[in-house]
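Examining the three-dimensional arrangement
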Amino acid sequence: MEFDQPEPAAPFMPETRLRPCWVSTMALKPDMVLAKSVSAASGGYATMSLPAGATLAEETIGQMIVKGIECVAVLNTEPMSEADYALATQSYEARLGQIFGPERTEHCQALLDALLRRGPMPC
Amino acid sequence: MLNSANLAQEVAKMAKKLPAFPTIVIQLLDMLRDESASLEVLARMARNDPIISANILAQANHVRRIHAQSDLTDSFVAASIIGVNRVRRIVVSTGMNRFVSSVPGGLFLFQHSLAVAIAAQELAALSGESQDLAYIAGMLHDVGQLGLNMLDERAFEKVYMDSIADGRLLLREAEVFGVDHCAVGAQLARYWNLPEEIYSAILNHHDEETVTCPLQAAICLSETIVRALDLPASPKNRVTLINQHAVTELGLDWSDPDMADVFDRCVTRFRLASQPQ
């Protein structure tokens, strides 16, 4: 039964396969949709504020580049298949196991847990 | 053998044999102290350097091609398209790439430094520190490895390879050369008259016990983060210790959703920045 299942360890990212894609502003294209709000400031003043859900136009992309915004989160419109993401996750977790090694301090374990909850990049 | 008594003198000799440290990076550091320094001044400075100028044009034209626009040939117009912050990153990364490319292993060192610079900038943004200084310190943090490599290329390579499994790089460097790459890098920073915070960040970037300033904390943790994210991919990447004082100093919480975004942003930005222009 679904409601008998325990709460996920990371409620903010319940399905990492479907999480937004981070895209460099240099590679943004019109009609992409922001998955997270974007803001820029200069000299203590807000110079740009776009809400999540905004559809990007060419002019907006140009402004983001000029204002030094490096990358933004956009909706993941073509998610990997479950099977492909499961394979990517397997390989990602194996690599993290090598990087962190078998004996971990408490602090290293905390970072490893965060990376495991995040999962591999979905895009 | 190097030691604390002869380090300054020996590093000064070493610095003369290294490729010329990019003057433009020093000029950029000076400009960062002047908040009113404009894109025009920066673009004019970059215009005198054909490689930096070409990189600015390449990035601006990349954007224009996405939007089906014709290529530009004027680097000032190009700089105005990509903005002052991106021009600064191009100046620093191009300068460092040229600086390290002439030595063996220079490509990996450059890519590792680039990854640390990106992560440091992301951590600085999260904790309200100077993003520009963090980026520059990240690019320079391992510059001492160039110096040791120059002293004895074979010995340095052996020390490096032997340390992959157990992470005892600093101890081995000190055994073979007298001091480690952190001390040599910091002394090089002093020789080039770089800011004190950068000196401290380079000197203590492997210190897992103490924090000397927020910049050092950012560089120390960035080193850990890029290894954890396998940027650049390498069998040498290991995470065995974390400077928890640095985590506290920057107010980070690994389980915070913002950290997951930082990890994704680091990977995304590194993938783009490490592509050949």
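Residues numbered from 1 in each chain as written. Chains lettered and ligands numbered in written order. Predicted model: local features only at pLDDT ≥ 70, side-chain atom pairs only at ≥ 80, totals over all residues.

1. A look at the overall build of chain A
How we decide: Helix and strand definitions follow DSSP, with helices as H or I runs of at least four residues and strands as E runs of at least two, each counted in order from the N terminus. The burial criterion counts other C-beta atoms lying within 10 Å of a residue's C-beta, which is placed from the backbone; the residue is buried at 20 or more, exposed at 12 or fewer, and partly exposed between these limits.
Regarding its fold elements, chain A presents 3 helices and 4 strands. Expressed as a percentage of its 123 residues, the buried residues of chain A come to 19%.

2. Points about the overall build of chain B
Quick reminder of the rule: We take the radius of gyration over the C-alpha atoms and set the globule estimate at 2.2 Å times the residue count to the 0.38 power. Two residues form a contact once the distance between their C-beta atoms, set from the backbone, is within 7 Å.
A tally of regular secondary structure across chain B gives 16 helices and 0 strands. Scaling as 2.2 N^0.38, a compact globule of 277 residues should have a C-alpha radius of gyration of about 19 Å, and chain B matches this with 19 Å. In terms of overall dimensions, chain B has a C-alpha envelope of 55 × 45 × 35 Å along the principal axes. Across the 277 residues in chain B, those meeting the buried criterion constitute 48%. Within chain B, counting contacts between residues at least 6 apart in sequence, those at least 24 apart form 66% of the total.

3. Quick look at the domain arrangement of chain A
The condition that has to hold: Delimitation of the domains relies on an automatic or database domain assignment.
Assigned domains of chain A: these are domain 1 (20–74) and domain 2 (79–118). The centre of domain 1 of chain A, based on its C-alpha atoms, is set 29 Å off from the matching centre of domain 2 of chain A.

4. A closer look at the environment of I99(A)
Considering the arrangement of structural elements, one finds I99(A) in helix α2 (residues 82–100). Sequence separation of I99(A) and L112(A) is 13 residues, and the distance between their C-alpha atoms is 9.5 Å. Ignoring sequence-local partners within four residues, the contact set of I99(A) consists of R227(B), A228(B), D230(B), N237(B), R238(B) and V239(B).

5. As for the interface of chain B and chain A
To keep things clear, this is the line we draw: Note that Gly is not counted as nonpolar here; it falls among the polar residues with everything else outside the nonpolar set of Ala, Val, Leu, Ile, Met, Phe, Trp, Tyr, Cys and Pro and the charged set of Asp, Glu, Lys and Arg.
With 33 residues of chain B at the interface, the matching set in chain A holds 28 residues. Of all elements in the fold, only α4 (50–66), α5 (75–82), α6 (84–100), α14 (214–228) and α16 (257–273) of chain B reach the threshold of two or more residues within the side of chain B that touches chain A. Split by residue class, the side of chain B that touches chain A holds 16 nonpolar, 10 polar and 7 charged.

6. Topic: the confidence of the model for chain B
Which entries qualify depends on this criterion: On a range of 0 to 100, pLDDT expresses the predictor's confidence in each residue.
When pLDDT is averaged along chain B, the result is 88, and 96% of the positions lie at 70 or above. Prediction confidence for the complex, expressed as pTM and ipTM, is 0.88 and 0.87 respectively.

7. Topic: the environment of V23(A)
Relative to the helices and strands, V23(A) is located in strand β1 (residues 21–24). Look at V23(A) and you get partly exposed, because 19 C-beta atoms sit within 10 Å.

8. Observations regarding the packing of helix α12 (residues 181–191) of chain B against helix α13 (residues 196–203) of chain B
All names here are of chain B. Let me state the cut-off plainly: All axes are obtained by fitting lines to C-alpha atoms, using only the stretch in contact for helices, and the reported angles, taken between N-to-C directions, cover 0 to 180 degrees. We call two directions roughly parallel when the angle between them is under 35 degrees, roughly antiparallel when it is over 145, roughly perpendicular when it lies between 65 and 115, and oblique otherwise. Crossings are classed by handedness, with left-handed meaning an anticlockwise turn of the near helix from the far one by less than a right angle and right-handed meaning a clockwise turn.
Between α12 and α13, whose axes approach to 7 Å, the crossing angle comes to 165°. Taken together, the axes of α12 and α13 lie roughly antiparallel to each other. At the point where α12 passes α13, the crossing takes the right-handed sense. Every residue of α13 that contacts α12 at C182, A183, G185, A186, A189 and R190 is listed here: I198, Y199, I202 and L203. Residue classes in the contact of α12 with α13 are distributed as 8 nonpolar, 1 polar and 1 charged.

9. Notes on the domain arrangement of chain B
All names here are of chain B. What the domain assignment lists for chain B is domain 1 (1–19 + 104–277) and domain 2 (20–101). Once you take the C-alpha centre of each, domain 1 and domain 2 turn out to be 24 Å apart. Contacts between domain 1 and domain 2 engage 16 residues on the former and 16 residues on the latter. Sorting the residues of the side of domain 1 that touches domain 2 by element identifies α7 (106–127) and α8 (131–140) as the ones contributing at least two each. Here the residues of the side of domain 1 that touches domain 2 sort into 12 nonpolar, 3 polar and 1 charged.

10. Structural notes on α12(B)
All names here are of chain B. Summarising burial for α12: 9 of the 11 residues are buried, a large majority. Residues H181, C182, A183, V184, G185, A186, Q187, L188 and A189 constitute the buried set of α12. Each element contacted by the buried residues of α12 is listed here: α1 (7–17), α8, α9 (143–151), α11 (169–177) and α13. After α12 finishes, the residue N193 shows a positive phi value of roughly 60°.

11. Digging into the pairing of strand β2 (residues 38–42) of chain A
Under the convention used in this document: Following DSSP output, two strands are said to pair if at least two bridges run between them.
The pairing of β2(A) with strand β3 (residues 45–50) of chain A spans 5 bridges and is classified as antiparallel. Residue A40(A) lies in a different strand from β3(A), and its bridge partner there is M48(A).

12. Re unusual backbone geometry
Residues and elements named next belong to chain B. For the peptide bond that leads from L231 to P232, omega is -15°, which places it in the cis range. In this fold, P232 is placed in the loop between α14 and α15 (244–249). The residue N193 is not glycine, and still its phi comes out positive at about 60°. Checked against the element boundaries, N193 lands in the loop between α12 and α13.

13. What about the confidence of the model for chain A?
Mean pLDDT over chain A works out to 87, with 89% of the residues at or above the 70 mark. Here residues 1–13 of chain A scores under 50 on pLDDT; set against residues more than four positions off or in separate chains, the count is 8 contacts.

14. Re the packing of α4(B) against α5(B)
A pair of packed helices is characterised by two quantities: the angle between their axes and the separation of those axes. Residue and element names in this part refer to chain B. With their axes 8 Å apart at the nearest point, α4 and α5 run at an angle of 55° to one another. One element, α4, and the other, α5, form an angle in the oblique class. Considering the relative orientation of α4 and α5, their crossing is left-handed. Here S53, I56, L57, Q59, A60 and V63 of α4 lie close against α5, whose contacting residues are S75, A78, A79, I81 and I82. Its residues assigned to classes, the contact of α4 with α5 comprises 8 nonpolar, 3 polar and no charged.

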